[in-house]
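Now for the letters of each chain:
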Amino acid sequence: MELTGTVEYEPVSVKAVLAEMKDTAELLIDLSYSAVLLGSDDVAAEVLELEAKMDVLQMRARMSLLMACRSTDDAEALAPVLGMVGAAEKISDAAGDIAKIVLEDIGLPEAMRATLPEAMETLVRATVTRDSRLVGQTLGDLNLETETGVRAIAVRRQGTWLLNPDRETRFEADDVVLFRGPDDGISEVYADATGTAYEPPEPPDGEGQDLERAVDSIVLMKDMGELAVDLAYGAVLFDSDEVAEEVVELEAEVDALQSRFEAWTLRAAADMDDPISLRGLVQLAQSTEVISDAALEISEGVLRGLSAHPVVAEAVRESDEILVRATVAESSALAGTTIGDAAVKTETGMRIIAVRRATSESDRTGREGGAWVVSPGPETPLQAGDVLLAKGTRSGAERFTELAEG
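On a predicted model such as this, the values are computed, not experimentally measured, just so you know.

1. What about the packing of helix α3 (residues 72-103) against helix α10 (residues 279-298)?
Pairs of packed helices are described in terms of their axes, by the angle between the two and the distance that separates them. Direction vectors running N to C along α3 and α10 enclose 165 degrees, while the axes themselves pass 9 Å from each other. Judged by the angle between their axes, α3 and α10 are roughly antiparallel. The chirality of how α3 crosses α10 is left-handed. When α3 is examined against α10, the residues Gly83, Met84, Ala87, Lys90, Ile91, Ala94, Asp97, Ile98 and Ile101 are found in contact with a partner set consisting of Gly280, Gln283, Leu284, Ser287, Val290, Ile291, Ala294, Glu297 and Ile298.

Structure follows, in structure tokens:
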């Protein structure tokens, strides 16, 4: 990426910069994989815009931390913070490498788009026209998520990003909005925003069993990498050795998945007329592993017994989205039902991103006992003793905890 402009020291809040870096890193992961799924140059270009923003944020964070370090005690307290800054930058760079698979037409098998929709909702980039019915309306007024299942995950307005917009966010003409949701809802919202019809990409046919296994492995690596990042920030927020150890396990599983992926890809290459088309798949796997490694770096301070600096815990707590960890109680309304039947998102505003099983039950990682269900869906059953990880607003966190713990 071309480096332009200058960055000078400004007296900014370290807490605010760290919170923005966390939210930006999480959005970058989401957008980069969506760019591959859609084969979308537009979404990939937004990734590189955010990557450039992250470069500036990390430099400002480092400057502020250096100015704050005046003693050996300061150095010990701030060292894990520097690690978090570096890890967020690695996530940003990895997401940029994923986006370049699309922008630079690096080889990628067509089967990729046929498989990824099973694990990802559709994401579109829409520019709000001046005569759109969305102009002047807030997300609360439109009630988009309830009416269509579509949520706005970010808005870019005159070069400034608004991450995780809420009910009070008001749309303006020329806003660039990133919408995520089911195809039917996306078609409706996209048409309302742009005045033109949305044309989803046609999924191609698969290309062989080994390649299907490789793509399935990538999907699982992506889900586990995202979960590892969320858990890493959660470990810092809760100053929890237990959560940090989960990050270690997830990172090891991603490494094991990459080894299997490499074997499947090499076998698939032998059966393909154009094995060069697998280059992008290899780059995607490497970038995914970098993301999981970065998650481990975020939680390293907790693992080494260094208490999180107060500014870090506050930054994680005050970011646009926070992580909540709760155990389902016997008396909870969630015990014995499914995520969809319990209407968790509607009732609390929080979405469950992972479930840690209480009993010996296999999930798709193949682990027995206490296994993770990553990216659970509406049909995922919940039972007493399950540990739930959910993301959402601070206002919804208390409602979610009360619901889970009865």
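2. A closer look at the sheet that holds strand β8 (residues 387-392)
Sheet architecture is open: four strands sit in the order β5-β8-β6-β7, paired in antiparallel fashion. Both edges of this open sheet fall to β5 (322-327) and β7 (372-374), since each of them pairs with a single strand only. With direction set aside, neighbouring strand axes in the sheet form an average angle of 25 degrees. Here three bridges tie strand β6 (residues 351-356) to β7, and the two strands are oriented antiparallel to one another. Bridge assignment links Ala354 to a residue of β7, and that residue is Val374.

3. With respect to the pattern of salt bridges
One pass over the full model with this rule turns up 20 salt bridges. Notably, a salt bridge pairs Glu26 with Lys22, separated by 3.3 Å at the nearest N-O pair. Highlighted residues: Glu26 and Lys22, both in helix α1 (residues 14-38), separated by four residues, approximately one helical turn. The partner of Arg62 in a salt bridge is Glu89, with the nearest N and O atoms 3.4 Å apart. Residue Arg62 is located in helix α2 (residues 41-68), and its partner Glu89 is located in helix α3; the two are separated by 27 residues in the primary sequence.

4. What to know about the sheet that holds strand β2 (residues 151-157)
On the basis of which strands lie adjacent, the open sheet formed by four strands has the order β1-β4-β2-β3 and antiparallel pairing. The open sheet has two edge strands, β1 (122-127) and β3 (160-163), and neither has a second partner. When the angles between neighbouring strand axes are averaged without regard to direction, this sheet yields 20 degrees. Across four bridges, β2 lies against β3 in antiparallel orientation. Directly across from Val155, in β3, lies its bridge partner Leu162. Most of the contacts of α1 go to β3, to which it runs at about 90 degrees, and overall it touches β1, β2, β3 and β4 (176-181). Most of the contacts of helix α7 (residues 183-194) go to β1, to which it runs at about 5 degrees, and overall it touches β1 and β4.

5. Some details on the confidence of the model for the protein chain
Per-residue pLDDT for the protein chain averages 80, and the proportion of residues at 70 or more is 84%. Mean pLDDT per element in the protein chain: helix α4 (residues 111-115) is the minimum at 55, and α7 is the maximum at 91. Every residue in residues 360-369 scores below 50 in pLDDT, and together they form 23 contacts with partners more than four places removed in sequence or on other chains.

6. Some points on the environment of Val135
Position of Val135 relative to the elements: it lies in the loop between β1 and α5 (139-142). Through-space distance from the C-alpha of Val135 to that of Asp174 is 9.3 Å; in sequence the pair is 39 residues apart. Contact partners of Val135, with chain neighbours within four places excluded, come to Val128, Thr129, Arg130, Phe171, Glu172 and Ala173.

What counts and what doesn't
Residues numbered from 1 in each chain as written. Predicted model: local features only at pLDDT ≥ 70, side-chain atom pairs only at ≥ 80, totals over all residues. Heavy atoms only, no water. Axes fitted to C-alpha atoms, helices over the stretch in contact; angles between N-to-C directions. Helix = DSSP H or I, 4+ residues; strand = E, 2+ residues; numbered from the N terminus. Parallel < 35°, antiparallel > 145°, perpendicular 65-115°, else oblique. Left-handed = near helix turned anticlockwise from the far one by under 90°. Contact = heavy atoms within 4.5 Å. Pairing = 2+ DSSP bridges. Salt bridge = Lys/Arg side-chain N within 4 Å of Asp/Glu carboxyl O. pLDDT = per-residue confidence, 0-100.

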